[in-house]
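# Structural overview for review
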Amino acid sequence: MHEPKGVLYGVSVGPGDPELLTLKALRTIQACPVVAAPRTKRGGMVALDIARQAADLSGKEILPLDFSMSPDPAVRAAAHAAAVQLVRARLDAGQDVAMLNLGDVSIYATCSYLIGQLRAQGYATARVAGVPSFCAAAALLDESLTDIDTPLHIIPSCQQQDLEAALALPGTKVLMKSARRLPQVLHALQDRGLAGSSALVANCGLPGQLALPSLEGLPQAALEAGYFATIIVKDPKEG
């Protein structure tokens, strides 16, 4: 008789504030003997730090997963394969694994790669929803993302050509994943006359949180906001 294999759970921990973890996320983390989380090159584990403030992780195996941000697809694929191997070993031993994911597990989620590959190999997987960074950012700004009939667009603002087309769309635009191109993205907003109707939140719920309700004049703080920056662009015609 084959021993039952473990289940991989992709667990949302929200953008930073531990109070935004859902009850289901907490229950899932507490039920799993293994907690996996992405680890940066410098050894930081932001998602794990968030979960630790809300859940008791004593007695659990903490499994760091090293993903790559390299522009080389082969390097990224190798990192994914190594992470899959680490998680698969725990599943084969019959252990359930909670993989922590910043924001929500359905939006630009690191755990999607693991879930996709392991599910294709016949392992059971599940996702636990959470609070996306742009929803937390809107709440921090005390702003609504939409009116009753306003379109909402979620855009990875990493390519200039795509960004130009996206900014011409009607409704509210949420710009994510700007990374090193953040200054160019902000200047594109200014050039289009959209800086005054745009807001930026960085490190939402984390140390160093920054909230700018307007980007008029391109504040220096916005230009230096860093990786965890979310920009909300309102349509001036609907303001």
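Scope of this entry: the structure provided in the associated data block. (Residues numbered from 1 in each chain as written. Predicted model: local features only at pLDDT ≥ 70, side-chain atom pairs only at ≥ 80, totals over all residues. Heavy atoms only, no water.)

The residue methionine 176 is located in strand β7 (residues 172-176) in this model. The exposure class assigned to methionine 176 is buried, which follows from its relative accessible area of 11%. The spacing of methionine 176 and isoleucine 154 is 22 residues in sequence and 7.5 Å in space, taken between C-alpha atoms. In contact with methionine 176, not counting residues within four places along its chain, are Tyr108, Ser133, Phe134, Ile154, Ile155, Pro156 and Ser157. (Helix = DSSP H or I, 4+ residues; strand = E, 2+ residues; numbered from the N terminus. Buried < 20%, exposed > 50% of the residue type's maximum accessible area, 1.4 Å probe, protein only. Contact = heavy atoms within 4.5 Å.)

Here we have five strands laid out as an open sheet, ordered β6-β7-β10-β8-β9, and mixed in their pairing. Unpaired on one side and paired on the other, β6 (152-156) and β9 (210-212) mark the two borders of the sheet. Taken over all neighbouring pairs, the strand axes of this sheet differ in orientation by 15 degrees on average, direction set aside. In terms of strand pairing, strand β8 (residues 198-202) meets strand β10 (residues 229-233) through five bridges, oriented antiparallel. Residue alanine 202 lies in a different strand from β10, and its bridge partner there is alanine 229. Here helix α7 (residues 182-191) sits on the sheet and contacts β7, β8 and β10; the angle it forms with β10, its principal contact strand, is near 10 degrees. (Pairing = 2+ DSSP bridges. Axes fitted to C-alpha atoms, helices over the stretch in contact; angles between N-to-C directions.)

Here the focus is the sheet that holds strand β1 (residues 7-12). Spatially, five strands are ordered β3-β2-β4-β1-β5 in an open sheet, and the strand pairing comes out parallel. What marks the edges here is a single partner per strand, and that holds for β3 (61-66) and β5 (124-128). Direction aside, the axes of adjacent strands within the sheet are offset by 25 degrees on average. The pairing of strand β2 (residues 34-39) with strand β4 (residues 97-101) spans three bridges and is classified as parallel. When the sheet's bridge partners are listed, valine 35 is paired in β4 with alanine 98. On top of the sheet, helix α1 (residues 23-31) reaches β1, β2, β4 and β5; it is set at about 140 degrees to β1, its chief contact.

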